[in-house]
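Spelled out from the first residue to the last, the chains are:
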Amino acid sequence: VLIENCAELVTLRGAVPRRGRELAELEIIRDGALIVRGGMIAAVGTRKELRRHGFARGARRMDLGGRVVLPGFVDSHTHLVFAACRADEYEKKIAGASYEEIARAGGGIVSSVAKLRAASAKELRARALGFLRRFAEHGTTTLEAKSGYGLDTKSELMTLAVNRELAQSQPLEIVSTFLGAHVVPPEFRGEENGADEYVSLICKEMLPKIAAKKLADFCDVFCDRGAFTVAQARKVLETAQKLGMPSRLHAEQLAHTGATKLAVELGAASADHLEQIDDADIQALAGSNTVATLLPGCSLHLGGEHATHCAPARKLIEAGTIVALATDFNPGTSPTLSMSMILSLACSHLRMTPAEAIAAATINAAYSLQRADHIGSLEVGKSADLAAFDVADYREIPYYFGVNLCSMTMKRGKVIYSRY
Ligand code: NIG
Ligand code: FE
């Protein structure tokens, strides 16, 4: 297929990962075109160049009508599989209750756990499948999906098995992460050392089973006030690493705990949230290959002081940290699957430029998932994953906030969504 008439073909060719000033280098080709063969990108250039290309002969033409084309978004942090929304809590938050107050009163993650345990794999799959279609409609072609609403061996394994079935039965690429250490489940909360006992269960039973069935690409821990301590997180993540699962970490969202330093020390692929980090954490991240994944959807949805206490994106970028953006799609803190909305928030609230936000949501996110070799940019030899937007200037994508301008999404060379 010869794809042509892209007003701007935003390739993101170049440095991987992007740090500092490089983050804004999008490598745009005006009146761009690309040739796709066997699901892969075979050539990238201007329309003029590619019409003369050897592969153009006999190729089917696809005219993008002067749209902007980006690499498909890589959403590197989602909690895809859950059983029910928590719109009731949304009203409580609006009335002034905090996320942590709601959690202490039995709502929050624990209420999602009760609902997931009562659901069947079939129900969970059907619900997630509906969301995946919408991710595709918004230009996302790869997403990471965490477990963490099961919190017992059976339900955690079931969630990861749902991730695997989804990865095999629909077009989006799914990277699976085990988040058994999301919170301490209710049945372990009675005794004093219940949290440590649950951590033992994760290390002795869940992780070995998950490793044996190769059900997770990564292991994550919610290391924060009200969840797990740095020592507990270390135990889980070191056990997982020995079993071949690299680390990700929910770090410094609600309180400063030292989770970011742990992420750097363990060589984690990503440290996510980071609203409460300090300058020493920023320096530690800057000197590492751990990606700082920012999730501004949480600030918007949680409101209150979360709305004004955002992650210091500018400082992180200027220090040379690898910055990525993700939706954190989940029923409690960020119920959005729109990466363009995340770009808008990153620009308006985190003061990232549209160019920086796009690189953070594509190539750097791909790097954080250890998949930058085949996704995250439009380059020869990579997967033909792309999204077309009904604009002529890429800056309009975050500019028109809350509007889905994506009109075509392609994964591995196949159109998986189109509305023109
Ligand atoms: O990334 N902070 C922990 N995990 C999720 C929230 C999950 C939930 O509330 O259901 C997050 O914000
Ligand atoms: Fe999360």
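So, here is what we can say about the structure in this document. These figures come from a predicted structure and were not determined experimentally. (Residues numbered from 1 in each chain as written. Chains lettered and ligands numbered in written order. Predicted model: local features only at pLDDT ≥ 70, side-chain atom pairs only at ≥ 80, totals over all residues. Heavy atoms only, no water.)

Re the site of ligand 1
Piece 1. As a structural note, the neighbourhood of ligand 1 is formed by 15 residues, with Tyr99, Tyr149, His182, Asp328 and Thr333 the closest of them.
Piece 2. Taking histidine 79, its side chain carries an N or O atom lying 3.4 Å from an oxygen atom of ligand 1.
Piece 3. Aspartate 328 places a side-chain nitrogen or oxygen 2.7 Å from an oxygen atom of ligand 1.
Piece 4. Here ligand 1 has 320 Å² of accessible area as a free molecule, and 100% of this is covered by the chains.
Piece 5. Counting atoms within 2 Å of the grid points, the majority share of ligand 1 lands in the largest cavity. (Near = heavy atom within 4 Å. Polar contact = N/O pair within 3.5 Å; in protein donor to acceptor, adjacent residues only side chain to side chain. Areas by Shrake-Rupley, 256 points an atom, 1.4 Å probe, with all protein chains shown as cover. 1 Å grid on protein atoms, 1.4 Å probe; cavity = no way out; pocket = protein on both sides within 12 Å on 5 of 7 lines; lining within 4 Å. Sits in = over half its atoms within 2 Å of the grid points.)

A short note on helix α6 (residues 153-169)
Piece 1. Between its terminal C-alpha atoms α6 stretches 24 Å, which fits the 24 Å expected from 17 residues at 1.5 Å a residue.
Piece 2. Those residues of α6 not exposed but buried are Thr153, Ser155, Glu156, Leu157, Met158, Thr159, Leu160, Val162, Asn163 and Leu166.
Piece 3. Contacts from the buried residues of α6 go to α4 (109-117), α5 (121-137), β6 (140-146), β7 (173-181) and α7 (194-212). (Helix = DSSP H or I, 4+ residues; strand = E, 2+ residues; numbered from the N terminus. Expected span 1.5 Å × (residues − 1). Buried < 20%, exposed > 50% of the residue type's maximum accessible area, 1.4 Å probe, protein only. Contact = heavy atoms within 4.5 Å.)

Some points on empty space enclosed by the protein
Piece 1. Considering all chains together, one arrives at one cavity of 30 Å³ or more under this definition.
Piece 2. If you go around the largest cavity, you meet 15 residues; those closest to its centre are His79, Tyr99, His182, Asn330 and Thr333. (Points joined across faces, edges and corners; volume = space filled by probe spheres on them.)

Section: the sheet that holds strand β1 (residues 2-10)
Piece 1. Reading across the sheet, the seven strands line up as β3-β2-β1-β4-β13-β14-β15 and stay open at both edges, with mixed pairing between neighbours. The sheet terminates laterally at β3 (40-46) and β15 (414-418), the two strands that pair on one side only. When the angles between neighbouring strand axes are averaged without regard to direction, this sheet yields 35 degrees. (Pairing = 2+ DSSP bridges. Axes fitted to C-alpha atoms, helices over the stretch in contact; angles between N-to-C directions.)

A word on the pattern of salt bridges
Piece 1. Inspection of every chain in the model, using the stated rule, returns 27 salt bridges.
Piece 2. Residue aspartate 279 is joined to lysine 315 by a salt bridge in which the shortest nitrogen-to-oxygen separation is 3.0 Å. With a gap of 36 residues between them, aspartate 279 in helix α10 (residues 279-286) and lysine 315 in helix α13 (residues 313-319) connect regions that are remote in the sequence.
Piece 3. Classification of aspartate 279 as partly exposed rests on a relative accessible area of 46%.
Piece 4. We classify lysine 315 as partly exposed; its relative accessible area is 46%.
Piece 5. Across the salt bridge formed by lysine 411 and aspartate 385, the nearest N and O atoms sit 2.4 Å from each other. With lysine 411 in strand β14 (residues 406-411) and aspartate 385 in the loop between α16 (363-368) and β13 (386-389), this residue pair connects regions lying 26 residues apart in the sequence. The burial state of lysine 411 is the same as that of aspartate 385; both residues are buried.
Piece 6. Overlapping salt bridges, with partners in common, bring together Glu173, Asp217, Arg371, Asp385, Lys411 and Arg412 in one network. (Salt bridge = Lys/Arg side-chain N within 4 Å of Asp/Glu carboxyl O.)

A short note on unusual backbone geometry
Piece 1. Valine 16 connects to proline 17 through a cis peptide bond whose omega is -10 degrees.
Piece 2. Among the secondary structure elements, proline 17 is positioned in the loop between β1 and β2 (28-37).
Piece 3. Unlike most non-glycine residues, histidine 273 shows phi in positive territory, near 90 degrees.
Piece 4. Residue placement: histidine 273 occurs in strand β10 (residues 270-273).
Piece 5. Overall, histidine 273 belongs to the buried group, its relative accessible area being 1%.

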